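Chain by chain, the residues run as shown.
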Amino acid sequence: KNASLVGELIARSERLRLTMLGRWIYGEDRSGVNARNAFGMIKLDFFLTNRFYAYSSAIFEQDTFQDLQLRTSINAGPGYQFIDKGDFTSPYFRDMLLSGEIGLGFFNEDFKIAQDRSFVTGRWAIDFLWPVLPTVTLFHQHQGFPSLEDSSDYYITSQQGVRLHIWENFISSLQVNWRYDNTPSPGFKKSDYLYLLTLGYAFE
């Protein structure tokens, strides 16, 4: 048995942009439960100009099979909208979006077995969305959290894939999520991949 629930909300006004992302994954086979994890992010951008903005964000993550009870990071910093809708006249590039962010914050990991840890962190992020055709959209999002106290301690999370508009507002996505923790709980892998094929509905 496998189940996944993925949701994304983006609301934009002239000065503010709210982004919320949530993901829940569960899986089991004859040997028992083999996947149970969740991820959530909330971010608020305040545009100081048409391109330059200041943001504050928070992520929350849990993974039973990575000894992770709760990973939390709260960050703030500047961001820049490198490409916005309407920058290109070509119908293939007209709705393309690309933004980048850097910042500082606090990173905390609560483990079930290993010793908990927390540190001051930097943050970088890239968000890329490319509606190539009315029915095909490519996307890539990733965030990196390097410790400012120990250069060997850093965490990266990303998701990328293709979204297809099937009929009216019904969509399907094929995506790959990748996470890398350079200092995982002892006995656990640094790198983790998750492959998702989803069917959803866009309310826009």
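Caption draft 1: Here's a closer look at a nonpolar patch on the surface. The grouping of L16, L44, F46, L48, F52, Y80 and F82 at the surface amounts to a nonpolar patch, some 630 Å² of accessible area in total. Of all elements in the fold, only strand 3 (32–47) and strand 5 (68–83) reach the threshold of two or more residues within the nonpolar patch. Tracing the backbone shows F46 in strand 3. Overall, the relative accessible area of 40% leaves F46 in the partly exposed class.

Caption draft 2: The sheet that holds strand 8 (residues 136–146), seen in detail. Here we have 11 strands laid out as an open sheet, ordered 1-2-3-4-5-6-7-8-9-10-11, and antiparallel in their pairing. At either end of the open sheet lies a strand with only one pairing partner, and these are strand 1 (2–12) and strand 11 (191–201). Within the sheet, the average angular offset between the axes of one strand and its neighbour, ignoring direction, is 15°. As judged from the 11 bridges shared by strand 4 (residues 52–63) and strand 5, these two strands associate in the antiparallel manner.

Rules used throughout
All chains use their own residue numbering, which begins from 1 and follows the written sequence. For this predicted model, a pLDDT threshold of at least 70 governs which residues receive local features, and a threshold of 80 or more governs which side-chain atom pairs are given and counted, while totals over whole chains, interfaces and linings are taken from all residues. Computation of side-chain values covers all heavy atoms of the structure but excludes hydrogens and water. For patches, a residue must show more than 30% relative accessible area and have no salt bridge; joins then use 9 Å for like charges and 5 Å for nonpolar side chains, namely Val, Leu, Ile, Met, Phe, Trp and Tyr. For the accessible areas, the method is Shrake-Rupley and the probe is 1.4 Å, while residue cover comes only from the protein chains on display. Take a side-chain nitrogen of Lys or Arg and a carboxyl oxygen of Asp or Glu: if they are within 4 Å of each other, that pair is a salt bridge. Secondary structure elements are defined from DSSP: runs of H or I of at least 4 residues count as helices, runs of E of at least 2 residues count as strands, and each element is numbered from the N terminus. Buried, partly exposed and exposed residues are distinguished by accessible area as a fraction of the type maximum, computed with a 1.4 Å probe on protein chains only: under 20%, between the cut-offs, and over 50%, respectively. When DSSP locates at least two bridges between a pair of strands, those strands are taken to pair. Here the axes come from fitting lines to C-alpha atoms, over the contacting stretch only for helices, and the angles between their N-to-C directions go from 0 to 180 degrees.

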